[in-house]
Amino acid sequence: MKFRGRIDKVYCSLKCKSINQYESRREKEKFYFQVDAQLKTNRKLLKKYNKTGKTILRREVLQMEGFNSNYFTHYWKNDKGDVYFFCYDYGFLNLREGEKKKYIIVEWQDYMRNHKNGS
């Protein structure tokens with residue numbers, strides 16, 4: 001392909017230049033994009049299943065849809081010592097009822113911000 005313009009021109013158009021820069025950035029920041037994608041997936045799933053503000057759900061339901069509990073943005077500890085892990089504004093608490101593994105799913109509340117915790 002013959003380029004028009006400057007002799008040192010590298011890209012055929014601004015669009016090609018932009019695509020190349022985007023792909024280069026994605027490769028350099030691959031880990032960041034993977035973590036960001038997982039956090040967004042986790043939040044989407046927590047929101048999807050939490051219709052009432054507090055929901056109890058089997059862990060396998062979320063995990064089958066791609067939920068990974070190792071990825072969270074922050075945590076909140078209540079007065080009982082229970083630690084809720086949050087993906088932005090939706091959180092989950094590990095719960096075990098006998099052999100059944102479940103999550104309690106909650107939505108972030110204003111009182112949590114002012115509550116003394118370790119996050």
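This paragraph deals with the side chain of Asn 42. Note that Asn 42 resides in helix α2 (residues 30–49). The contact partners of Asn 42, leaving out residues within four places of it in the chain, are Gly 66, Phe 67, Asn 68, Tyr 71 and Cys 87.

What follows covers the packing of aromatic side chains. Using the criterion set out here, one finds nine aromatic pairs in the structure. Ring centres 4.9 Å apart and planes at 85 degrees place the aromatic pair Phe 86 and Trp 108 in the edge-to-face group. With a gap of 22 residues between them, Phe 86 in strand β3 (residues 83–87) and Trp 108 in the loop between β5 (100–107) and α4 (110–114) connect regions that are remote in the sequence. Among the aromatic residues, those joined into a cluster by ring pairs are Phe 67, Phe 72, Phe 85, Phe 92 and Tyr 103. A cation over a ring is seen here: Arg 26 above Phe 33, with NZ or CZ 4.5 Å from the ring centre.

About the cut-offs
- Residues numbered from 1 in each chain as written.
- Predicted model: local features only at pLDDT ≥ 70, side-chain atom pairs only at ≥ 80, totals over all residues.
- Heavy atoms only, no water.
- Helix = DSSP H or I, 4+ residues; strand = E, 2+ residues; numbered from the N terminus.
- Contact = heavy atoms within 4.5 Å.
- Phe/Tyr/Trp six-rings, centres within 6.5 Å; stacked < 30°, edge-to-face > 60°.
- Lys NZ or Arg CZ within 6 Å of the ring centre and 35° of its normal.

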